[in-house]
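Inside the fold
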Amino acid sequence: GPGAGCRDVTIRNTVIEGNVAASSYNFGLYVGSTSGAVDGPGNDNLTLENCQIRRVTFGLQLFGAPGVPIQNTNILDNLFGDPVAGDGIDSSAVTLGQATGAVVHGNTIRNVLMIAGQHPINVLGGPVGISLYEELTASVVTGNTITGVRYTGTSDYSGKGIDLLTAGDLLI
């Protein structure tokens, strides 16, 4: 519940590498509840800086809970993905929701490549660089470089640089 999360966590100068395998979901960094549900209130004051996250389905997923947002997240100067397409991200590089005071700045997102038939289609419908979900407020998403977001199939799952699914007080 509220206040039960990790507070004041800083991760710097770290390479987080998964083992992407067909039909599996994995995360470079998951900030949520221990049940695996998409809610994790109390995980306040997280900083991820100058890191690389690669070879995962989801690079970073961070969600608070309805009415109890995660506060003061800083995602700064990271590389999500890799110059080599097969070593990138498979679904979504950065996903934030139910948070306030987040800063996502100076990140490079490369090669978010969803290969048809390799992984189940995510809830977003296709590969995304940065997903901004409901109840994301008073936050800044600036100075990021997003390239190589694509889907290899023939369905309607086009790649998106930024997917805006919220109507909060945001600077993009």
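Summary of the structure given here. Keep in mind that this is a model prediction, so the values were computed, not measured.

The next thing to look at is the overall build of the chain. Helix and strand counts for the chain come out as zero helices and 19 strands. Looking at the 172 residues of the chain, the share that counts as buried comes to 45%. Within the chain, counting contacts between residues at least 6 apart in sequence, those at least 24 apart form 81% of the total. About 7,500 Å² of surface is accessible on the chain, with carbon and sulfur atoms providing 51% of the total.

The next subject is the sheet that holds strand β16 (residues 139-142). An order of β1-β4-β8-β12-β16-β19 is seen for the six strands of this open sheet, with the pairing classed as parallel. Both edges of this open sheet fall to β1 (10-12) and β19 (170-171), since each of them pairs with a single strand only. In this sheet, β16 lies alongside strand β12 (residues 103-105) in parallel orientation, the contact comprising three bridges. The residue bridging V103 from the neighbouring strand is V140, located in β16.

This next bit is on the environment of P69. Counting through the fold element by element, P69 comes out in the loop between β6 (56-63) and β7 (70-71). Overall, P69 belongs to the partly exposed group, its relative accessible area being 26%. Considering only alpha carbons, one finds P69 and Q98, 29 residues apart in sequence, at a separation of 4.7 Å. For P69, the contacting residues outside a window of four places in its chain are D44, Q98, A99 and T100.

Our focus in this paragraph is the packing of aromatic side chains. Overall, the coordinates contain three aromatic pairs when judged by the stated rule. Taking the centre distance of 5.2 Å and the plane angle of 20° together, the rings of F27 and F58 count as stacked. Of this pair, F27 sits in strand β3 (residues 27-31) while F58 sits in strand β6; the two residues are 31 residues apart in sequence, bridging distant segments of the chain. Residue F27 is classed as partly exposed on the basis of its relative accessible area, which comes to 33%. A residue is classified by how much of its surface remains accessible, and F58, at 10% relative accessible area, is buried. An aromatic cluster is defined as three or more aromatic residues linked by ring pairs; in this entry it consists of F27, Y30 and F58.

Let us look at the nonpolar core. Counting 27 residues, the largest nonpolar core has I53, L60, F80, V94 and L96 as the members making the most contacts within it. Listed by contribution, the elements that provide at least two residues to this core are β3, β6, β10 (89-97), β13 (108-114) and β14 (128-132). In terms of residues, this core owes the most to one element, β10, which gives four residues. Leaving out residues up to four positions away in the same chain, L60 has contacts with L29, V31, I75, F80, A93, V94, T95 and L96.

Criteria and thresholds
Residues numbered from 1 in each chain as written. Predicted model: local features only at pLDDT ≥ 70, side-chain atom pairs only at ≥ 80, totals over all residues. Heavy atoms only, no water. Helix = DSSP H or I, 4+ residues; strand = E, 2+ residues; numbered from the N terminus. Buried < 20%, exposed > 50% of the residue type's maximum accessible area, 1.4 Å probe, protein only. Contact = heavy atoms within 4.5 Å. Areas by Shrake-Rupley, 256 points an atom, 1.4 Å probe, with all protein chains shown as cover. Pairing = 2+ DSSP bridges. Phe/Tyr/Trp six-rings, centres within 6.5 Å; stacked < 30°, edge-to-face > 60°. Core = buried A, V, L, I, M, F, W, Y, C linked by side-chain atoms within 4.5 Å.

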